[in-house]
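Per-entry structural report
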Amino acid sequence: MASRILMYGAAWCGDCRRSKAVLDASGLDYEYVDVGESKDAADAAVAITGRTSIPVIVLPDGSHLVEPSDALLLDRIGVS
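An account of the accompanying structure is given in this report. (Residues numbered from 1 in each chain as written. Predicted model: local features only at pLDDT ≥ 70, side-chain atom pairs only at ≥ 80, totals over all residues. Heavy atoms only, no water.)

Regarding its fold elements, the chain presents three helices and four strands. Element order for the chain, N to C, with α for helix and β for strand: β-α-β-α-β-β-α. Scaling as 2.2 N^0.38, a compact globule of 80 residues should have a C-alpha radius of gyration of about 12 Å, and the chain matches this with 11 Å. For the chain, the spread of C-alpha atoms along the principal axes amounts to about 35 × 25 × 20 Å. Taking the contacts inside the chain whose residues are at least 6 apart along the sequence as the reference set, 55% of them involve residues at least 24 apart. Working note: accessible area of the chain is about 4500 Å², and carbon and sulfur atoms make up 52% of it. Distance between charge centres in the chain, computed from 7 positive and 12 negative side chains, equals 3 Å. (Helix = DSSP H or I, 4+ residues; strand = E, 2+ residues; numbered from the N terminus. Rg over C-alpha atoms; globule rule 2.2 N^0.38 Å. Contact = heavy atoms within 4.5 Å. Areas by Shrake-Rupley, 256 points an atom, 1.4 Å probe, with all protein chains shown as cover. Lys, Arg positive; Asp, Glu negative; His and termini not counted. Charge placed at Lys NZ, Arg CZ, Asp CG, Glu CD.)

Structure, rendered in structure tokens:
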């Protein structure tokens, strides 16, 4: 189980930029992995979800979100 949030995304992805901005504004510690820079990272994101959609956000409890709305992401990270 991860001790912090892990986000798989890409610079060209609007939903990724939006979710990254939410995480940045939250002040929580998270790791960002750009799937556009590494096939291994892209493969890891697909392995987690079974889909090629991004962003993929893995939470410390082991659950994950794919393309979450801002409201859902804020709820799941415990920020209101």
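Having put the structure on the table, let's press on.
Let us now look at the environment of Ala-42. Tracing the sequence through the fold places Ala-42 in helix α2 (residues 39-49). Taking the C-alpha atoms as reference points, Ala-42 and Asp-61, separated by 19 residues in sequence, lie 21 Å from one another.

For the rest of this paragraph, the subject is the pattern of salt bridges. Counting across every chain of the model gives seven salt bridges. A salt bridge links Asp-15 to Arg-18; its shortest N-O distance comes to 3.2 Å. Taken together, the residues span about one helical turn, with Asp-15 and Arg-18 both in helix α1 (residues 14-26) at a distance of three residues. According to the relative accessible area criterion, Asp-15 is partly exposed, its value standing at 30%. (Salt bridge = Lys/Arg side-chain N within 4 Å of Asp/Glu carboxyl O. Buried < 20%, exposed > 50% of the residue type's maximum accessible area, 1.4 Å probe, protein only.)

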